Amino acid sequence: FSICAFAGHLDTYKEDNFYDGPPHDSVYNYGMSKRMCVDLGSSFFKEYNFSSANIILSNMYGPEDHFDIERSHALGALVKKISEAKMNNDDSVEIWGTGKPIREWLYVKDGANALIKSVGLENGSYFFNIGVNKGMSIKNLAILIAESVDWNGELIYNTSKPDGAMEKRVLGIKKNSDKEL
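For clarity, every value in this text was computed on a predicted model and none was experimentally measured. (Residues numbered from 1 in each chain as written. Predicted model: local features only at pLDDT ≥ 70, side-chain atom pairs only at ≥ 80, totals over all residues. Heavy atoms only, no water.)

Enquirer: Sorry, what's going on with helix α1 (residues 28-48) here?
Expert: Given a rise of 1.5 Å per residue, 21 residues ought to cover 30 Å, and the 29 Å separating the end C-alpha atoms of α1 matches this to within 8%. Those residues of α1 that fall on the buried side of the exposure criterion are G31, R35, V38 and G41. Each buried residue of α1 sits inside an arc of 105 degrees when the element is viewed along its axis, so together they form one side. In α1, the exposed residues that point more than 90 degrees away from the buried face are N29, M36, E47 and Y48. In this fold, the buried residues of α1 make contact with β2 (52-57) and β7 (125-130). (Helix = DSSP H or I, 4+ residues; strand = E, 2+ residues; numbered from the N terminus. Expected span 1.5 Å × (residues − 1). Buried < 20%, exposed > 50% of the residue type's maximum accessible area, 1.4 Å probe, protein only. Arc of directions from axis to C-beta. Contact = heavy atoms within 4.5 Å.)

Below is the structure:
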């Protein structure tokens, strides 16, 4: 499930704010289809006692991640750009936007464990967030990656490119359940 279903004007995503406006224009159709899954799960439980769990996961990283510049999240794109700059002895790397946006990153195995645990929930219609409740700016993420691969080049911020939302983090509140995943 994706945070794209949340209202486009939000920067921190709480379950209670899920319907506080339409999804962002750039992901409107995708976000609305995800939003309908939550509604469908609730309706199926009320009418047919059919249980479901709709789980919003933060941006994930880890094994099998995408490192294609066109498909990846910021983390994968930065790892690819900076590691290639290191291998090619490049002096600089271009980063889209100002570097100020904050993103939250969830390790893929932690996300998978949360999904596996959700299978054991009691009958009901569940909707909740899974994340780490902390974010990192794109700039600090790039610096951390550069330090990790021992690259000392310059990070050049292309401010003609969009930043996107300034902050994307999930906050869970144990809605519809007192069980903790």
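Having seen the model, we can carry on.
Enquirer: I'm lost on the nonpolar core in this one. Help?
Expert: Taken as a class, soluble globular proteins show a tendency for nonpolar side chains to be buried jointly. Within the largest apolar cluster, 14 residues are counted, with the highest numbers of intra-cluster contacts made by L78, I82, V93, I95, W151 and L155. Residue assignment for this core shows that the elements contributing at least two residues are α2 (74-87), β4 (92-96) and α4 (138-148). Sorting elements by how many residues they give to this core places α4 first, with five residues. Not counting the four nearest positions on each side in its chain, L155 is found in contact with I82, V93, I95, A142 and I143. The next biggest cluster of nonpolar side chains, apart from the first, holds eleven residues, and it includes I3, A7, I56 and F127. (Core = buried A, V, L, I, M, F, W, Y, C linked by side-chain atoms within 4.5 Å.)

Enquirer: Would you explain the sheet that holds strand β1 (residues 12-14) in this entry?
Expert: Each strand in a sheet pairs with another by means of backbone hydrogen bonds, the pair being arranged parallel or else antiparallel. The sheet built from four strands is open, its strands ordered β1-β10-β5-β8 with mixed pairing. For this open sheet the edge positions go to β1 and β8 (136-137), each flanked by a neighbour on one side alone. (Pairing = 2+ DSSP bridges.)

Enquirer: Can you help me understand the layout of surface pockets in this one?
Expert: To find leftover empty space, one rolls a probe the size of a water molecule over the atoms. Space inside the largest pocket adds up to approximately 1400 Å³. Among the secondary structure elements, those contributing two or more residues to the lining of the largest pocket are β3 (59-61), α2 and β4. Tallied by class, residues from the lining of the largest pocket come to 24 nonpolar, 13 polar and nine charged. (1 Å grid on protein atoms, 1.4 Å probe; cavity = no way out; pocket = protein on both sides within 12 Å on 5 of 7 lines; lining within 4 Å. Points joined across faces, edges and corners; volume = space filled by probe spheres on them. Nonpolar A, V, L, I, M, F, W, Y, C, P; charged D, E, K, R; others polar.)

Enquirer: Looking at this structure, how should I read the pairing of β4?
Expert: Put simply, side chains in a regular strand alternate between the two faces of the sheet. Here β4 shows a clear split, with V93 and I95 buried on one side and none of S92, E94 and W96 buried on the other. Where β4 and strand β9 (residues 154-158) come together, five bridges link them in parallel fashion. Counted as the bridge partner of V93 is L155 from β9.

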